[in-house]
Amino acid sequence: MLELDNVRDHSALGLSEDQLIDMYRKMLLARKLDERVWALNRQGRVPFVVSVAGHEGTQVGAAFALDPTKDWSLPYYRDVAFNLAMGSTPADLFLAVFAKGTDPANAGRQMPNHWSEPDLNIFSHSSVIATQFPHACGIAHQLKTSGQPGVVMVSSGEGATSEGDWHEAMNFAGVHKLPIIFLVENNLYAISTPTKQEVAGTVAERAVGYGMPGVVVDGNDVLAVYGVMSAAVQRARAGEGPSLIEAKTYRYYAHTSDDDDKVYRSAEEVELWRRKDPILVLKQYLVESRLLGEELELEIETGVTNEIAAAVKEADEAPEALDWETNVYGKVIVPNDPATEVEPEPVGESLNMITSINRTLHNIFEEYDDTSIFGEDVGDPKGGVFKATVGLTDKFGANRSFNTPLAEALIIGLGVGIGAAGGRPIAEIQFADFIHPGFDQILSEVAKLRYRTNGRWASPLVIRTPYGGGIHGALYHSQSIEAFYAHIPGLKVVVPSTPADAAGLLWSAVEDPDPVMILEPKKLYRLSTGPCPEGAHRVPIGKAALRRIGDDLTIIAYGTMAHFAVEAADRLLTEDIEASVLDLRSIRPLDWPSIERAVRRNGKVLIVHEDTKFAGFGAEIAAQIVEKSLDWLDAPVRRYCSPEIPTFPYSSTLEEQVFPSVDGIIEEARSLAAY
Ligand SMILES: Cc1ncc(C[n+]2csc(CCOP(=O)(O)OP(=O)(O)O)c2C)c(N)n1
């Protein structure tokens, strides 16, 4: 257990007099900086303030227990003093306050107080409460499994401990005994909601359920926080696992400049806490210990004031942010090489798609020892519910192929952290239908990380997930999810239809610096067989494959429907209808040149997908054709999709009626050819 004896003697805590004075200086710096930002806000020069005032003791006490040369931290928006104590400069902070292009954290793209400093191992965060916790787990897991010495500190307010991501991360950290410290700065309110409406019992008590110690500490006493934090860091360094620290503190101003705190708390309450001001508490200790006289106090105050004035000036004079465009992707793919010939058959042993994926994962793991794969039932002996990962744990160890708890937000967020700490993560989501608890992590974190930090951090995460219907999977094991994810800038989305493409796209995804979602049509896992090249075989992301060439119409499809379209095209030949089949393979980025070439060839396009029609991905293809190639069309663009029902029913007789079929494609193609 963590000792909470509230040591009030700095030398007993191992702190030198200089360190103690430095703590005081950092706390004062944060407070004065805060006051200056409020003043700028009143002058109308900065639109938004998140105040630290009141939290300085907690934050400086925590930071002093960490070593930024090896430890990692994931501070939250209120952690001004923490960041200053870790080594960020006031100028860095004011550049963010003024949203300048040289703001090192966000380049003017996020609101202020969204910290990021790779040189200090401070990881970026978004505005979404609690998404940082799975990232902390990923970083800690990567540090631990790659033998790096650091520990991870992740902080939040007490309100954040109601979010699912917090609980999923606490659970994973406890299960894996990760070197993490969860620091909760309990200032009694989540905006206006008092703690008793957020938490039954106390925050610290929540730790018990996750197999870690939880302690409460006076957050206004910097020495007490430092003591508890140091013990937690020591515990983590010794391999004994995570800790939860609940630091009781208070914020003196409203939640942000947009909040009016008078409606939910009294002036008397604020005044009561003002008397326990962490800066006063430390000052009193310093004076009583004869470490701070009037002269030194004045010197510190003057130094802090000058430092802030210089920082404001520097930030004020810095160039405005102009670049809104770059760093959406690390590797921008602009398809420019249209498919004109039928894609040649690869050479190699004939395999089905699932065997090809499994063999490819083994090959990738051999090639790159920084790869890891994780998800529900992924580890051996099961090796995944579809057996895609069989043998990886046995061969490469449980650090690289492991089961996670049933927690999709955690699985995706873990990948963000593993990638940040230098790993090459592959997340498996057991079924695409169950990816939605992780949607926020994909949308808000995975896809935006590079953009929001202007390229200082990235998420090279591969997300593999079996998807689609036609296998009696019913409403919750059949869904098409591509339209949701194709809509997200920052993400790449691919859908293979052959075993060789499943292998080749996987290789390319793992080597790509950007997040790539691979939607594996599970109907094809065993249905689709074909030759697969040995070893590294790469299929470029953003490149469609022409499967058949014909002059009467073009069928554009992907996944299972591309497989069906090839069969349909072959059967249509008996009716003297020649259809081109363009298998998109990548839906973001989209191989527009190949689509355009196909439209020009025969002027008739049939788009086929399993998903429903309304706002499905086919709508995007059709819109682009109409926008850019209308003059080449000889007939309206057609779409053949499933009807507007919430996915395929379980009963065979029902599913057969609604699952797009080869016969259905033939019928649509025949009608279009005759137009
Ligand atoms: C997922 C999510 N829900 C709601 C919000 C809006 N919001 C921003 S801060 C906040 C309160 C957070 O309170 P707490 O975690 O206690 O931290 P504090 O601000 O008190 O330091 C809320 C509800 C958000 N940013 N993200």
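Here the structure is a predicted model, which is why all the values come from computation and not from measurement. (Residues numbered from 1 in each chain as written. Predicted model: local features only at pLDDT ≥ 70, side-chain atom pairs only at ≥ 80, totals over all residues. Heavy atoms only, no water.)

Enquirer: Please explain the overall build of the chain as it appears in this structure.
Expert: Looking only at helices and strands, the chain features 23 helices and 21 strands. Across its three principal directions, the C-alpha atoms of the chain cover 100 × 55 × 40 Å. Looking at the chain as a whole, 61% of its 675 residues are labelled buried. When contacts within the chain are restricted to residue pairs at least 6 apart in sequence, long-range pairs at least 24 apart make up 81% of them. Of the roughly 25,500 Å² that the chain leaves accessible, carbon and sulfur atoms contribute 52%. Side-chain charges in the chain split into 60 positive and 95 negative, and the spacing between the mean points of these groups amounts to 1 Å. (Helix = DSSP H or I, 4+ residues; strand = E, 2+ residues; numbered from the N terminus. Buried < 20%, exposed > 50% of the residue type's maximum accessible area, 1.4 Å probe, protein only. Contact = heavy atoms within 4.5 Å. Areas by Shrake-Rupley, 256 points an atom, 1.4 Å probe, with all protein chains shown as cover. Lys, Arg positive; Asp, Glu negative; His and termini not counted. Charge placed at Lys NZ, Arg CZ, Asp CG, Glu CD.)

Enquirer: Got a minute to help me understand the sheet that holds strand 3 (residues 180-186) in this structure?
Expert: Think of a sheet as strands paired side by side through backbone hydrogen bonds, with each pair either parallel or antiparallel. Taken in spatial order, the five strands line up as 1-2-3-7-6 in an open sheet, and their pairing is parallel. Looking along the sheet, the strands with just one partner apiece sit at the ends: strand 1 (72-74) and strand 6 (214-218). When the angles between neighbouring strand axes are averaged without regard to direction, this sheet yields 20 degrees. Taken strand by strand, helix 6 (residues 164-175) contacts strand 3 and strand 7 (243-248), and its axis lies near 145 degrees from that of strand 3. (Pairing = 2+ DSSP bridges. Axes fitted to C-alpha atoms, helices over the stretch in contact; angles between N-to-C directions.)

Enquirer: Sorry if this is basic, but what is going on with the site of the ligand here?
Expert: The immediate surroundings of the ligand are formed by 16 residues, with Tyr-76, Tyr-77, Arg-78, Ser-127 and Gly-159 found nearest. Within the contact set of the ligand, an oxygen atom lies 2.8 Å away from a side-chain nitrogen or oxygen of Arg-78. A distance of 3.3 Å separates an oxygen atom of the ligand from a polar atom in the side chain of His-255. Relative to its free-state accessible area of 580 Å², the ligand is covered by the protein chains to the extent of 71%. Its residues assigned to classes, the shell around the ligand shows eight nonpolar, five polar and three charged. (Near = heavy atom within 4 Å. Polar contact = N/O pair within 3.5 Å; in protein donor to acceptor, adjacent residues only side chain to side chain. Nonpolar A, V, L, I, M, F, W, Y, C, P; charged D, E, K, R; others polar.)

Enquirer: Looking at this model, I keep getting lost on the pattern of salt bridges. Mind explaining?
Expert: This model, assessed by the stated rule, comprises 36 salt bridges. A salt bridge links Lys-492 to Asp-514; its shortest N-O distance comes to 2.8 Å. Taken as a pair, Lys-492 in strand 13 (residues 492-494) and Asp-514 in the loop between helix 17 (499-511) and strand 14 (516-521) lie far apart in primary sequence, 22 residues in all. Per residue, the accessibility class of Lys-492 equals that of Asp-514, and both read buried. In this structure, the salt-bridge partner of Glu-596 is Arg-600, at a minimum N-O distance of 3.7 Å. Linking Glu-596 with Arg-600, this pair stays in helix 20 (residues 592-602), spanning four residues, or about one helical turn. With a relative accessible area of 22%, Glu-596 lands in the partly exposed category. Each of Glu-343, Asp-501, Arg-547, Asp-583 and Arg-585 takes part in one network of salt bridges that share partners. (Salt bridge = Lys/Arg side-chain N within 4 Å of Asp/Glu carboxyl O.)

Enquirer: How do you make sense of the nonpolar core when you look at a structure like this?
Expert: In this structure, Ile-180, Phe-182, Leu-584 and Ile-595 are the most contacted members of the largest nonpolar core, which totals 78 residues. In terms of residues, this core owes the most to one element, helix 13 (residues 408-420), which gives seven residues. Residue contacts for Ile-180: discarding those within four places in its chain leaves Ala-136, Cys-137, Ala-140, Val-152, Val-154, Ala-173, Ala-236, Gly-241, Pro-242 and Ser-243. Core analysis: the second largest hydrophobic core is formed by 69 residues, Val-52, Ala-62, Val-217 and Leu-286 among them. (Core = buried A, V, L, I, M, F, W, Y, C linked by side-chain atoms within 4.5 Å.)

Enquirer: Which parts of the structure should I look at to understand the sheet that holds strand 14?
Expert: Across the sheet, seven strands lie side by side as 10-9-11-12-14-13-19; this open sheet has mixed pairing. Strand pairing shows two members of the sheet lacking a second neighbour, strand 10 (401-403) and strand 19 (586-588), which therefore form its edges. Direction aside, neighbouring strands of the sheet carry axes that sit 20 degrees apart on average.

Enquirer: Any chance you could explain the packing of helix 1 (residues 17-42) against helix 2 (residues 56-64) here in plain terms?
Expert: If you want to describe how two helices pack, look at the angle between their axes and the distance between the axes. Between helix 1 and helix 2, the shortest axis-to-axis distance is 10 Å and the interhelical angle comes to 135 degrees. One finds that helix 1 runs oblique with respect to helix 2. As for the relative orientation of helix 1 and helix 2, their crossing is right-handed in sense. Every residue of helix 2 that contacts helix 1 at Gln-19, Asp-22, Met-23, Lys-26, Met-27, Ala-30 and Arg-31 is listed here: Glu-56, Gly-57, Val-60, Gly-61 and Phe-64. When its residues are assigned to classes, the contact of helix 1 with helix 2 shows five nonpolar, three polar and four charged. (Parallel < 35°, antiparallel > 145°, perpendicular 65-115°, else oblique. Left-handed = near helix turned anticlockwise from the far one by under 90°.)

Enquirer: In this structure, what is going on with the packing of aromatic side chains? I would like to understand it.
Expert: The geometry of an aromatic ring pair comes down to the distance between the two centres and the angle between the two planes. One pass over the full model with this rule turns up 19 aromatic pairs. Each ring, one from Tyr-76 and one from Tyr-77, has its centre 4.7 Å from the other, and the planes form 65 degrees; the classification is edge-to-face. The rings of Phe-386, Phe-431, Phe-434 and Tyr-525 are connected pair by pair, giving a single aromatic cluster. Seen from the ring of Trp-273, Lys-276 lies directly overhead, with NZ or CZ sitting 3.9 Å from the centre. In this structure, Arg-424 is placed above the aromatic ring of Tyr-368, and the distance from its NZ or CZ to the ring centre is 3.8 Å. (Phe/Tyr/Trp six-rings, centres within 6.5 Å; stacked < 30°, edge-to-face > 60°. Lys NZ or Arg CZ within 6 Å of the ring centre and 35° of its normal.)

Enquirer: What is the right way to read the domain arrangement of the chain from this model?
Expert: By domain assignment, the chain separates into domain 1 (17-316), domain 2 (349-532) and domain 3 (547-673). On a C-alpha basis, the centroid separation for the pair domain 1 and domain 2 is 35 Å. Taken residue by residue, the interface counts 33 residues in domain 1 and 28 residues in domain 2. On the surface where domain 1 and domain 2 come into contact, there are one salt bridge. Glu-117 serves as the salt-bridge partner of Arg-456, at 3.3 Å between the closest nitrogen and oxygen. There are twelve residue pairs in polar contact (both at pLDDT 80 or more) connecting domain 1 and domain 2. The set of elements that each furnish at least two residues to the side of domain 1 that touches domain 2 consists of helix 5 (132-145) and helix 6. Top contributing element to the side of domain 1 that touches domain 2 by residue count: helix 5, with eight residues. (Domains from an automatic or database assignment.)

Enquirer: Looking at this structure, how should I read the environment of Asn-327?
Expert: Within the secondary structure, Asn-327 sits in the loop between helix 10 (294-317) and strand 8 (349-352). By relative accessible area, Asn-327 is classed as partly exposed at 22%. On a C-alpha basis, the gap between Asn-327 and Lys-448 in space is 9.5 Å, while along the polypeptide they are 121 residues apart. In contact with Asn-327, not counting residues within four places along its chain, are Arg-109, Arg-450, Tyr-451, Asn-454 and Gly-455. At 2.9 Å, the side chain of Asn-327 forms a polar contact with the side chain of Asn-454.

Enquirer: I'm lost on the side chain of Asp-71 in this one. Help?
Expert: Within the fold, Asp-71 resides in the loop between helix 2 and strand 1. A polar side-chain atom of Asp-71 sits 2.9 Å from the main-chain amide nitrogen of Val-151. Residues contacting Asp-71, with those up to four places away along its chain left out, are Leu-66, Leu-120, Asn-121, Gly-150, Val-151 and Arg-237.

Enquirer: What am I meant to see in the pairing of strand 3 here?
Expert: Residues in a regular strand point their side chains to alternate faces of the sheet. In terms of residue burial, strand 3 counts as a mostly covered element, since seven of its seven residues are buried. Neither face of strand 3 is left uncovered, since the one carrying Ile-180, Phe-182, Val-184 and Asn-186 and the one carrying Ile-181, Leu-183 and Glu-185 both have all their residues buried. Judged from the six bridges that link them, strand 2 (residues 152-157) and strand 3 form a sheet pairing that is parallel. Counterpart to Gly-157 in the pairing with strand 3 is Glu-185. The parallel pair strand 2 and strand 3, bridged by helix 6, forms a crossover whose chirality is right-handed. (Right-handed = clockwise from strand over helix to strand, strands pointing away.)

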